[in-house]
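The residues making up each chain are set out below.
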Amino acid sequence: MPEPDVTVVIGAYNAMPYLTRCLESVVSQSLGLDRLEVVAVDDGSTDGTGKELDRFAQEYPDAVRVVHQENSGGPSAPRNTGLELARGRYVIFVDADDYLGTEALERMLAVADEQGSDVVLGRVVGVNRASPKRVFTGNLPRADLFESRVWWTMSAHKLFRRKHVLDLGLRFPTHYRIGEDQMFVSRAYLAAEVISVVSDYDCYYLVRREDGGNITTSDRDMGGRLAFLKDICALVAEHVEAGPRRDHLLLRQFDIDLKSWSGPRLLELEHDEQLKHLATAKEIIDAWCTQGIIDKLPAILRLRYYLIAREMFEEALELLRFQADAGGRYEIVLDEGTAYAEYPYFRDLDTAVPDSCYDVSRQLKNVHHLADAQVEGTLLRLTGHAYVQRLDSTRTTTEVLLRERASSQEYRLPTARTASPQVPDDDQAGFTADIDLATAAGGSPLTPGLWDIHLVIHAGDMERRIRLGSRRADTIDTTTRPRIAVLAEQGPTVFTPYFTKPYGNLTIDIGETAHTLDKRVGAGEIRWAEKDSTLHVLGKLDVAALPDGLALLRMRSQTGDVRDFDLHASDGRFRAEVPVSTLTTGLWSAHLVLALADGPRTLSVPRSPQMSAVRWRRSLRRFQAVPQDDTDTLVLKVSRTSLLGGLRTHRGGH
């Protein structure tokens, strides 16, 4: 038989009725049964799992192979059995409770073959349970183990190059009841040349069983977990030298594993068991929890690990009781620009725990939302809400900060604190900010440049800057359209409020720094009047606001003569009438002229390809105006014509 591309190994123990959906998702893969094989191992089930496996093997004899073995007590042995029998170039381990997206194997294999991947992660979706998300924010053809979040997903539900597994001699350790995935996957990661991540498709569905039968959600062997944690830390230390790269990996073990296994669940144990496990946790902290890791942990863990590392086990247990009772609630103390959590022993002279263990400044998230943004003349009015988590808004003030991107010039403007419908339990969380471009620069108009809009929240000596706009109401118009307004003595000025790409933050472009008017003039209907030689020019002027009398239509001759005509603009359109009979002979081009503060702004009027010529009589002479088709700009050639010459289409004149 030819070698399949993928072997799907399914270890199953009392997995009904979930097993059926799992098997159906595998045999219906878009990759095709001719390119995959299924090795399903019944680990001594007693609920009909074995019969269901045999049924699928009978229905798909060329694709499904079933092995029945005595119960091993964990997932490692059945996975190892399946791995021994696997023939595919790649192998993936699927738990019998879970299932695959229809295109999962096809997409993961395509990336593996394209990149030469040793390991491919497919996006995981939790079904009634949590699943990793940060690693799947975008496709990573070649993920960096020491820069990405790959190490944070340690389940075996990945596509492994089988040669990579065999060369490393990888097997799932059978002496662990929990964590066998990590030992297998971590070794595969550390030796991999290429690791890829598929994030644009839901590949693997991780299911929480209603009966709570998942081993990973039911096992509570604390001693075994801590022993395993020592092994995984030692493995990383063996393969990665001390420093930021090792810290990046081990941060997971201290921020997830030890956090859970030294946490409030210890309170369920007898006191001597608590002390024994805390002593093991101390060994792990002493050996591998560096300052680089400590600095990245939340304050509650910095405090816990500080107490454990100094054998202050009773104080650590008291902290766990506080966590269990407080449910995550704590008071904030603001001191010299730093926010401290009032956890147990804060500034207690006897324990003398350093303040750094209580610093929650970077944990307090900024919450902000732009509800509305309106422009009227020179005034930009912003409304929304903004606050810092856990800080009483009555203790905070806000102001707008305008910062010019190139020069770093800054101006601050006051805001009014208001109630916000989005924060009904806080009548001071909202804000209204009026930014008058004519006076925002300390009473003067803002100068040309890109002015980024920030909101600043003050709480005592603490200052938080929020770039405003990325979180906004769907009702806000995000169309980028220039506007023209009179900025006091500066005169008529072009300004463009816009949301940046890709971040979507609000910025004001003063004076066409990044958004020019050149492409804002478009061709429309340009036609001759029915009974005379008047040219009607209608077109697009994509400007959101234009003061009256600021624009005109200018005809300019080749010799420098100029004729100006009134122009009417509204709703992004303009119109003007040009009595061509007033033009002298020669070439005349059409332009829009805007009288701006920094001088006239001249914009060419595009040519209309459907235009015909026109003729008229002046005194006893005949003239004609012929549109020129060798330019994109509207250009007319005005010339005399003989009485017998002519235009095929005669238009009346005067």
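Parameters at a glance
- Residues numbered from 1 in each chain as written.
- Predicted model: local features only at pLDDT ≥ 70, side-chain atom pairs only at ≥ 80, totals over all residues.
- Heavy atoms only, no water.
- Helix = DSSP H or I, 4+ residues; strand = E, 2+ residues; numbered from the N terminus.
- Expected span 1.5 Å × (residues − 1).
- Contact = heavy atoms within 4.5 Å.
- Pairing = 2+ DSSP bridges.
- Axes fitted to C-alpha atoms, helices over the stretch in contact; angles between N-to-C directions.
- Buried < 20%, exposed > 50% of the residue type's maximum accessible area, 1.4 Å probe, protein only.
- Salt bridge = Lys/Arg side-chain N within 4 Å of Asp/Glu carboxyl O.

Draft legend 1. Main features of helix α13 (residues 313–326). The first and last C-alpha atoms of α13 sit 20 Å apart over 14 residues, in line with the 20 Å expected at 1.5 Å per residue. Packed against the buried residues of α13 are α10 (271–288) and α12 (299–309). After α13 finishes, the residue G327 shows a positive phi value of roughly 60°.

Draft legend 2. Focus on the sheet that holds strand β1 (residues 6–12). Spatial ordering of the open sheet is given by β3-β2-β1-β4-β7-β6-β8-β5, a layout of 8 strands whose pairing is mixed. For this open sheet the edge positions go to β3 (64–69) and β5 (99–100), each flanked by a neighbour on one side alone. Inspection of the sheet shows β5 paired to strand β8 (residues 195–207) by 2 bridges, in the antiparallel sense. By the bridge assignment for β8, L100 is matched with Y204. Contacts between helix α2 (residues 49–59) and the sheet are confined to β1, β2 (36–43) and β3, with β3 contributing the most and set at about 155° to the helix.

Draft legend 3. Highlighting helix α1 (residues 18–27). By the criterion of burial, α1 is predominantly enclosed, with 8 of the 10 residues buried. Among all positions in α1, only Y18, L19, T20, C22, L23, S25, V26 and V27 are buried.

Draft legend 4. Highlighting the pattern of salt bridges. By the definition in use, this model includes 37 salt bridges. Here E84 ties to R171 by a salt bridge, and the two come within 3.0 Å at their closest N and O atoms. Residue E84 is found in helix α3 (residues 76–85), and its partner R171 is found in the loop between α5 (162–168) and α6 (180–191); the two are separated by 87 residues along the sequence. With relative accessibility at 53%, the residue E84 sits in the exposed group. Of the charged contacts in the structure, one is a salt bridge between R403 and E410, with a shortest N-O distance of 3.1 Å. Accessibility expressed as a relative area gives 28% for E410, which makes it partly exposed. Here the salt bridges do not stand alone but share partners, grouping E399, R403, E410, R412, E463 and R465 into one network.

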